[in-house]
Amino acid sequence: MTIAASAPIPTRLALHHKGLPFAVHPVAVSDKATIGFSGHADAADLRSKNSEQIPPPPSPDCFSSLWTYLSSSVDDCPLTYAGITLYGTLDGGYGYETHGVPGNPSAGKVNYGIQKNSGNTHWLWSPNALGTSVIGLKMEEYIGAGWSLIGVVEAGFDPYSGMLINAPRSRADNNVNALANQTANYDSSPAGQWDNSQGFVGVSNPVYGKLTFGRTNSVSLDALTTYDPVASTAFSPFGFTGSFAGFGNSPTVRPNTAFTYRLSVGNFRVAALAQVGGYAIGNASNGQYQGQIGADFGDLSLDGVLNWTKDAVSLSSYSGSPPEGYDVNSVLKATLSNSAGVELMARYKWGAFRLYGGYIYARLMNPSDDFPNGFPTIAEGIFVPPGAATSNAYNVNRILNSMWTGVRYSVWSNLDLAAGVYYRTQNDYLPPPSVCTGTGTSISSSKCAGSTGAVSFLIDYKPIKRVDVYGGVMVSDVWGGFANGHLYTQNVDPTVGLRIRF
């Protein structure tokens with residue numbers, strides 16, 4: 001029997017493997033190429049059918065129970081309606097201070113770091129130890145062509161009293177109290193406003209960047225927070241005082257009327273800030289200008305910030321000697337300065353470790369203006385009376401050099417350990433012919449050369465996504481001119497707490 005070579009040969013083979021039949025259907029021998037394509041098509045069909053059978057993961061049922069809500073992240077289940085998101089943080093703890101003071105509901109924190117008024121040992125409720133308790137609203141509304149309208153209103157508060165943080169008020173509360181009898185009080189940027197943390201509006205575009213106007217964190221504050229290994233209020237000098245990010249003046253870390261621009265291009269980023277207006281509209285200076293440049297090179301991040309501030313204000317209490325003729329609750333003293341400075345920061349990720357380091361240079365000079373007739377502070381109802389502003393504190397410029405290093409280790413995805421070492425020095429800026437004498441708390445002047453330092457440790461555990469259970473300690477010390485007028489030179493603040501975010 002002869003078969004033409006060109007004729008297709010229909011074949012059908014029945015294969016059996018352990019009793020299971022697999023059939024090969026008739027195909028033409030000349031159609032070999034078709035077999036390959038058919039195999040790919042069958043595989044594609046199989047994958048398609050399998051994918052149809054496996055549904056995508058469901059969205060979290062955010063509000064079926066309190067546990068479900070707390071187990072979700074803030075990003076998974078935001079409280080958003082019509083482009084407006086309500087958010088907040090509640091942070092409360094309890095701790096011990098070897099040398100501290102009683103709390104003050106206006107202050108928003110206790111003496112985690114050593115202060116002049118730090119006195120006897122205290123067990124006490126310790127608010128905002130990991131971070132400031134806040135409540136806020138944020139807006140992001142798409143308006144077309146890639147642009148979005150954005151805005152934030154945020155207020156920081158004491159979780160135990162419910163009062164808005166008002167640092168100048170905490171100072172005025174102690175005008176009638178001698179140092180040894182004072183409660184917690186600080187020179188800081190929150191001043192009892194409904195937006196004492198932030199309050200701004202602006203526009204955002206993924207290509208052209210973000211431009212905002214209003215009350216905002218300074219560029220230097222946001223950058224420093226990012227490069228702080230033990231970022232917290234109770235366990236880091238950077239979180240405890242804004243003096244580092246403020247280049248010697250804490251209240252300037254949140255200008256009240258500032259234009260801020262941020263742009264990221266590839267692995268590079270830039271930012272700039274320009275404050276308009278002065279004391280009369282809630283600012284702690286008469287002008288502040290900052291610029292930032294940074295980049296990421298794989299696991300290495302670098303950033304630098306330049307700063308210039310005009311007529312910056314540092315407020316202080318009368319500490320038992322208030323002036324006559326004024327309501328003691330409405331006046332404070334002030335020291336004025338112009339300040340210039342630079343921040344240089346680095347962070348490196350190495351497996352589960354993140355390594356940090358940086359340097360800050362600040363130069364404080366006499367201010368451009370004297371203000372002999374006084375001026376309003378950033379807190380409503382509190383002012384600096386005539387003759388209470390010191391404008392010649394820096395006849396010899398004060399130079400501050402700050403250095404730090406530290407590490408953060410992610411033991412698990414929900415457990416971090418952190419440690420940091422922080423150190424700051426100042427020059428002898430006592431005008432000649434005066435000379436420094438004495439040591440420790442008895443040193444003759446706060447203008448003598450000196451230093452301050454801290455060693456910090458933190459454990460941060462997240463049993464569920466919205467909850468942090470934490471514990472830590474900071475050992476802070478002062479030496480030389482930094483110790484002038486202090487009751488003690490060291491404080492140790494072991495503290496535990498709980499933070500919940502929504």
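One can find the structure itself at the top, above this paragraph.
Since we're looking at a predicted model, the values are computed, not measured.

Applying the stated criterion across every chain yields a total of 22 aromatic pairs. Relative to Tyr-409, the ring of Phe-353 has its centre 4.5 Å away and its plane inclined at 15°; by these criteria the two rings are stacked. Of this pair, Phe-353 sits in strand β15 (residues 353–365) while Tyr-409 sits in strand β19 (residues 398–412), and the two are 56 residues apart along the sequence. On the basis of relative accessible area, Tyr-409 is assigned to the partly exposed category, the value being 29%. Three or more aromatic residues joined by ring pairs form one cluster here, namely Tyr-94, Tyr-96, Trp-123, Trp-125 and Tyr-160. Positioned over the ring face of Tyr-186 is Lys-109, at 4.8 Å from the centre of the ring. Directly above the aromatic system of Tyr-69 lies the positively charged group of Arg-466, at a separation of 4.0 Å from the ring centroid.

Attention shifts here to a nonpolar patch on the surface. Taken together, Leu-211, Phe-213, Phe-259, Tyr-261, Val-270, Val-276 and Ile-293 make up a surface patch of nonpolar side chains, about 570 Å² in accessible area. For the nonpolar patch, the secondary structure elements donating two or more residues are β9 (209–215) and β10 (258–265). Tracing the chain through its elements places Val-270 in strand β11 (residues 268–275).

Moving on, we get to empty space enclosed by the protein. Under the defined criterion, the tally for this structure stands at one cavity of 30 Å³ or more. What lines the largest cavity is simply Pro-251, Asn-283, Ala-284, Val-313, Leu-315, Phe-375, Pro-376, Thr-377 and Ile-378. Within the lining of the largest cavity, the residues separate by chemical class into seven nonpolar, two polar and no charged.

Take Met-403: it is sitting in strand β19. Overall, Met-403 belongs to the partly exposed group, its relative accessible area being 35%. When the C-alpha atoms of Met-403 and Met-345 are compared, they prove to be 9.8 Å apart, with 58 residues separating the residues in sequence. Residue contacts for Met-403: discarding those within four places in its chain leaves Gly-358, Tyr-359, Val-421, Tyr-422 and Tyr-423.

Rules behind the numbers
- Residues numbered from 1 in each chain as written.
- Predicted model: local features only at pLDDT ≥ 70, side-chain atom pairs only at ≥ 80, totals over all residues.
- Heavy atoms only, no water.
- Phe/Tyr/Trp six-rings, centres within 6.5 Å; stacked < 30°, edge-to-face > 60°.
- Helix = DSSP H or I, 4+ residues; strand = E, 2+ residues; numbered from the N terminus.
- Buried < 20%, exposed > 50% of the residue type's maximum accessible area, 1.4 Å probe, protein only.
- Lys NZ or Arg CZ within 6 Å of the ring centre and 35° of its normal.
- Patch = residues over 30% accessible without salt bridge, like charges linked within 9 Å, V, L, I, M, F, W, Y side chains within 5 Å.
- Areas by Shrake-Rupley, 256 points an atom, 1.4 Å probe, with all protein chains shown as cover.
- Salt bridge = Lys/Arg side-chain N within 4 Å of Asp/Glu carboxyl O.
- 1 Å grid on protein atoms, 1.4 Å probe; cavity = no way out; pocket = protein on both sides within 12 Å on 5 of 7 lines; lining within 4 Å.
- Points joined across faces, edges and corners; volume = space filled by probe spheres on them.
- Nonpolar A, V, L, I, M, F, W, Y, C, P; charged D, E, K, R; others polar.
- Contact = heavy atoms within 4.5 Å.

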